[in-house]
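# Remarks on the overall topology
Residues per chain are reported as follows:
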Amino acid sequence: MNDRRAIADRLRTEAPVPRTSSEHPLGQLTLVRIREFIREPEALFWALFFPVLLSAGLGVAFRNRPSEVLKIATSTPPLADALRNERLLDVQQLSGSDAERALQTGQIALLAEATPDGTVVYRYDETNPEGRAARMLADDAVQRAGGRADPVRAADRLMREPGSRYIDFLIPGLVGMGIMGNSVWLLGFAITDARRRKLMKRIVATPMPRPYYLLSFLLFRMMLLVVEVGVPVSFGVLVFGVPLRGSLLILSGLCVLGSLAFSALGLLVASRARTIEAVSGLANLVMVPMWIVSGVFFSAQRFPDAVQPVIKALPLTALIDALRANMLQGAGVAQIARESGTLGVWLVVCFALALKVFRWR
Amino acid sequence: MHAPPVAALRVRNLRKSYKDVTAVDGLDLEVRTSECFGLLGPNGAGKTTTIEICEGLTQPDSGEVEVLGLRWSSDAGRLRQRLGIQLQDTQLSEKLTVLETVRLFRSFFHQGPDASTVIGQVQLDEKQHARVGALSGGQKQRLALACALVGDPDLLFLDEPTTGLDPQARRQLWDLIDQFKLAGKSIILTTHYMDEAQRLCERVAIIDHGRVIALGTPRELIASIGVRHLVEFTGHAAGELDVSTVQRIDGVRDVHSENGTVRLQVTELHRAVPALLEELGRQGVALTELRTHSATLEDVFVALTGRHLRDE
């Protein structure tokens, strides 16, 4: 019995070790989040590099080219000379049958032919904007070559300012989409996986305070946010000259608010799911509609007026609208109050609901 | 050292039903301090439900549970600090290392040995920087044990600690559990391996259909069925054996014939076996197999229920 006591006492007096912050349960749980994330290379790719690749790809595809040059053709040599005076037309001189084929296969937008009586005939598809534009440009060139004088003098001033291009529209959309996707997937997957492995039940069986478990996800989200917003925004600013007209403090605040609101949504999505399939289905059900209607790639204004109030109430619409207003128009707190309020409501409602129905095992 | 004379665990008239199944049906238990107590029973007997109620993870429908003299309703926080828990098939995070996992669990407890000490105790020193995903089944189970020990618990719950392990890994885990018994800790373990209960436990409760059907030391339980040995044989024409003549052999208690295999319960092996061989010779049964073994907890279970522990 004395032996037993001796061993028991030895085991008992082995510690206590003084606690550093890394020994704190919240510190340890957050470290686990970081480790699990960086040890999953796919997660890193989707969260950080994919938005950069996407914005690079779309930025190049939709870059503002020196104005569109329209391809047209003619079979009449003098007509070709007259048309070549117009810079925006690329004029080819083709024989009758070649010209016919080029028009039918869409290689040229318009075919101009002079008839023996002096009439110029334009052949084009009037439902095609390129065809109509070519018609106007070609006729203009022909009439001027024929000696027409314009009664009113006109001058052009060209708009190619940063802030009004597609890439400027796109970057805030991608940032918003990234915040939503990363928040919902991170919480959805990590929580469901822990539940599926019965790891959550095991952790709940320890004296760990339960709020720490959820808090560790939020802390990790805040760390990830710096990179997940910083990378695409810096990329846009440095490579495409996307403007940052609003206060950076407001921009950061918006990203934090958005991240919290979507984390709450992720928590709700994961609150009862027991399998990865279930949580994936639910997450897609929640997110795919917002990808489409919330104005990530094109303006949400394109949807009918009747559904606009619904679209405006969605958290992704609110976040993207506010990000665009901040970055492109330099909006202050007052101008994004409605969007911030919408995000706040989503945050509170989802979080309260998630805690109420959360399955801790 | 504080050693109040309270039982490690006291359970009275515990009941728990799920939709259409009664998992625990009026169960009583008392586990003494510093004892290793086994809950033995087949799958679905209610062992895990019982242990999870005691661990504060499942809410009972009715009944009283007192753990280390404390109750879940009023002392959950204090109680959690003093319990070591290993659940059935928890998969720890595969991307963390052994050391990171144990440090995480250590951080939840106010006191206890530091992580590397516990890793040494479960003999995973060499694996402490290995990812959990790279461990063998036995190593994972020892890691789960380490996570149960980091808080220097007064009471350890082990739910089927060796299920699915190969014999060598099982023996290694038994040796570890022996060490903690030496440290004077109370242990409650569930198992459906009778040899495990016999090897580790001072006392055993045999559970069936959510109720304790027998309680005592393994030795007492085996003695209670009044049978010391079992003899089992098969042979050509064993099926046509006249069982009644075997029944009359001195020292044979019970004869059971099934699919050509005959089982006898025997009190005195040295007298029964020669007489049996003589009788078989007389009846012209050619033996193909003859086995004898001392009665085990498995036989106790069979004697009490007519079923085997591992019948599905």
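The model shown is predicted, which means the values in this text are computed figures rather than measured ones. Along each chain, numbering runs from 1 in the same order as the chain's sequence is written. The lettering of chains begins at A and the numbering of ligands begins at 1, in the order of writing. At least 70 in pLDDT is required for a residue's local features to be given in this predicted model, at least 80 for side-chain atom pairs to be given and counted, and no such filter applies to totals for whole chains, interfaces and linings, which use all residues. As a rule here, side-chain values cover all heavy atoms of the structure and leave hydrogens and water aside.

It is worth spelling out the overall build of chain A at this point. What counts as a helix is a DSSP run of H or I of at least four residues, what counts as a strand is a run of E of at least two, and both are numbered from the N terminus. Across its full length, chain A carries 14 helices and four strands. In terms of overall size, chain A is more extended than a compact globule, its C-alpha atoms giving a radius of gyration of 31 Å where 361 residues would be expected to give roughly 21 Å. With the C-alpha coordinates aligned to their principal axes, the bounding extent of chain A is approximately 125 × 45 × 40 Å. Counting over 361 residues, chain A shows a buried share of 42%. Should any heavy atoms of two residues lie within 4.5 Å, those residues are considered in contact. By sequence separation, contacts in chain A at least 24 residues apart represent 71% of the contacts at least 6 residues apart. Looking at chain A as shown, the accessible area adds up to about 18900 Å², and 61% of this sits on carbon and sulfur atoms. Distance between charge centroids for chain A: 16 Å, based on 41 positive and 30 negative side chains. To get the radius of gyration, use the C-alpha atoms; to get the globule rule, take the number of residues to the power 0.38 and multiply by 2.2 Å. With a 1.4 Å probe rolled over the protein chains alone, any residue whose accessible area is under 20% of its type maximum counts as buried; one over 50% counts as exposed, and the rest are partly exposed. Accessibility throughout is a Shrake-Rupley quantity obtained with a 1.4 Å probe, and a residue counts as covered only by protein chains that appear here. Neither His nor the chain termini are counted; the positive set is Lys and Arg, and the negative set is Asp and Glu. We put the charge of a Lys on NZ, of an Arg on CZ, of an Asp on CG and of a Glu on CD.

Here the focus is the packing of aromatic side chains. Residue and element names in this part refer to chain A. Aromatic rings from Phe, Tyr and Trp, taking only the six-membered ring of Trp, are treated as a pair when their centres fall within 6.5 Å; an angle between ring planes under 30 degrees marks them as stacked, one over 60 as edge-to-face, and anything in between as tilted. With the rule as written, the count across this model stands at ten aromatic pairs over all chains. Centroid distance Phe235 to Phe240: 6.0 Å. Interplanar angle 75°. Geometry classified as edge-to-face. Taken together, a centroid distance of 6.0 Å and an interplanar angle of 40° make the contact between Phe298 and Phe303 tilted. Judged by its relative accessible area of 22%, Phe303 is partly exposed. In this structure an aromatic cluster arises from ring pairing among Tyr213, Phe217, Phe358 and Trp360. Charge-over-ring contacts are defined here by two conditions on Lys NZ or Arg CZ: a distance within 6 Å of the ring centre and an angle within 35 degrees of the ring normal. The ring centre of Phe217 lies 4.1 Å from the NZ or CZ of Arg33, which sits over that ring. The ring centre of Phe358 lies 5.1 Å from the NZ or CZ of Arg195, which sits over that ring.

Turning next to the domain arrangement of chain A. Considered domain by domain, chain A is made up of domain 1 (23-62 + 165-357) and domain 2 (70-145). For the domain bounds, the source is a domain assignment made automatically or taken from a database. Of note, the centres of domain 1 of chain A and domain 2 of chain A, computed from C-alpha atoms alone, are 52 Å apart.

Contact with chain A, which involves 34 residues of that partner, is made by 41 residues of chain B. A combined buried area of about 3800 Å² lies between chain A and chain B, and 55% of that area is made up of carbon and sulfur atoms. By salt bridge we mean one thing: a side-chain nitrogen of Lys or Arg within 4 Å of a carboxyl oxygen of Asp or Glu. Counting across the interface, chain A meets chain B through seven salt bridges. Between Lys95 of chain B and Glu40 of chain A there is a salt bridge whose closest N-O contact spans 3.2 Å. Elements with a contribution of two residues or more to the side of chain A that touches chain B: α1 (2-13), α2 (25-38) and α8 (199-204) of chain A. When its residues are assigned to classes, the side of chain A that touches chain B shows 14 nonpolar, four polar and 16 charged. The term buried area refers to how much accessible surface (probe radius 1.4 Å) is lost by two components on association, counted for both of them together. Ten residue types, Ala, Val, Leu, Ile, Met, Phe, Trp, Tyr, Cys and Pro, are classed as nonpolar, four, Asp, Glu, Lys and Arg, as charged, and the remainder, Gly among them, as polar.

Residues and elements named next belong to chain A. In this analysis, axes come from line fits to C-alpha atoms, helices being fitted only over the stretch in contact, and the angle between any two N-to-C directions falls in the range 0 to 180 degrees. Orientation of helix α7 (residues 166-196) relative to helix α13 (residues 315-329), taken along the N-to-C sense of each, is 140°, at an axis distance of 9 Å. What the angle tells us is that α7 and α13 run oblique. Crossing of α7 over α13 shows right-handed handedness. Facing α7, whose interface residues are Asp168, Phe169, Ile171, Pro172, Gly173, Val175, Gly176, Met177, Ile179 and Met180, α13 presents Leu316, Leu319, Ile320, Leu323, Arg324, Met327 and Leu328. A per-class count over the contact of α7 with α13 returns 13 nonpolar, two polar and two charged. Note on angle classes: values under 35 degrees are labelled roughly parallel, values over 145 roughly antiparallel, values of 65 to 115 roughly perpendicular, and the remainder oblique. Take the far helix as the reference: if the near one is turned anticlockwise from it by less than a right angle, the crossing is left-handed, and if turned clockwise, right-handed.

A patch is a set of surface residues, each over 30% in relative accessible area and not in a salt bridge, joined within 9 Å for like charges and within 5 Å for the nonpolar side chains Val, Leu, Ile, Met, Phe, Trp and Tyr. Taken together, the side chains of Phe45, Trp46, Phe49 and Leu53 of chain A define a hydrophobic patch exposed on the protein surface, amounting to about 450 Å² of accessible area. Within the secondary structure, Leu53 of chain A is located in helix α3 (residues 41-61).

With that out of the way, let us pick up the environment of Asn326 of chain A. Residue and element names in this part refer to chain A. Structurally, the position occupied by Asn326 is in helix α13. Through-space distance from the C-alpha of Asn326 to that of Ile336 is 8.0 Å; in sequence the pair is ten residues apart. Those residues within four positions of Asn326 in sequence are excluded, and the remaining contacts are Arg245, Gly246, Ser247, Ile250, Leu251, Leu254 and Ala331. Of note is the side chain of Asn326, whose polar atom sits 3.3 Å from the backbone oxygen of Ser247. Whenever a nitrogen or oxygen atom comes within 3.5 Å of another N or O atom, the pair is scored as a polar contact, on the condition that within protein one atom can donate a hydrogen and the other can accept it, and that pairs from neighbouring residues in sequence are kept only if both atoms are in side chains.

A word on the sheet that holds strand β13 (residues 286-294) of chain B. All names here are of chain B. The pairing criterion for strands is at least two bridges between them, as found by DSSP. Here four strands make up an open sheet; going across it, the order is β11-β12-β10-β13 and the pairing antiparallel. Each edge of the sheet is formed by a strand with only one pairing partner; in this case those strands are β11 (252-258) and β13. With direction set aside, neighbouring strand axes in the sheet form an average angle of 15°. Looking at chain direction, strand β10 (residues 229-236) and β13 are connected through eight bridges and run antiparallel. Each bridged residue has a counterpart across the sheet, and for Val231 the counterpart in β13 is Thr292.

The next subject is the pattern of salt bridges. All names here are of chain B. Going through the model one piece at a time under the given rule, you end up with 46 salt bridges over all chains. For Asp75, the salt bridge is made with Arg78, and the minimal N-O distance between the two is 3.2 Å. Placement of the pair is Asp75 and Arg78 together in helix α2 (residues 72-82), with a separation of three residues, close to one helical turn. The exposure class assigned to Asp75 is buried, which follows from its relative accessible area of 16%. For Arg78, a relative accessible area of 53% corresponds to the exposed category. Across the salt bridge formed by Glu268 and Arg271, the nearest N and O atoms sit 3.5 Å from each other. Its relative accessible area of 33% is what places Glu268 among the partly exposed residues. On the accessibility criterion, Arg271 (40% relative accessible area) is partly exposed. Among the ionic contacts, a cluster of salt bridges with common partners joins Arg10, Arg12, Glu30, Glu64, Glu66 and Arg71.

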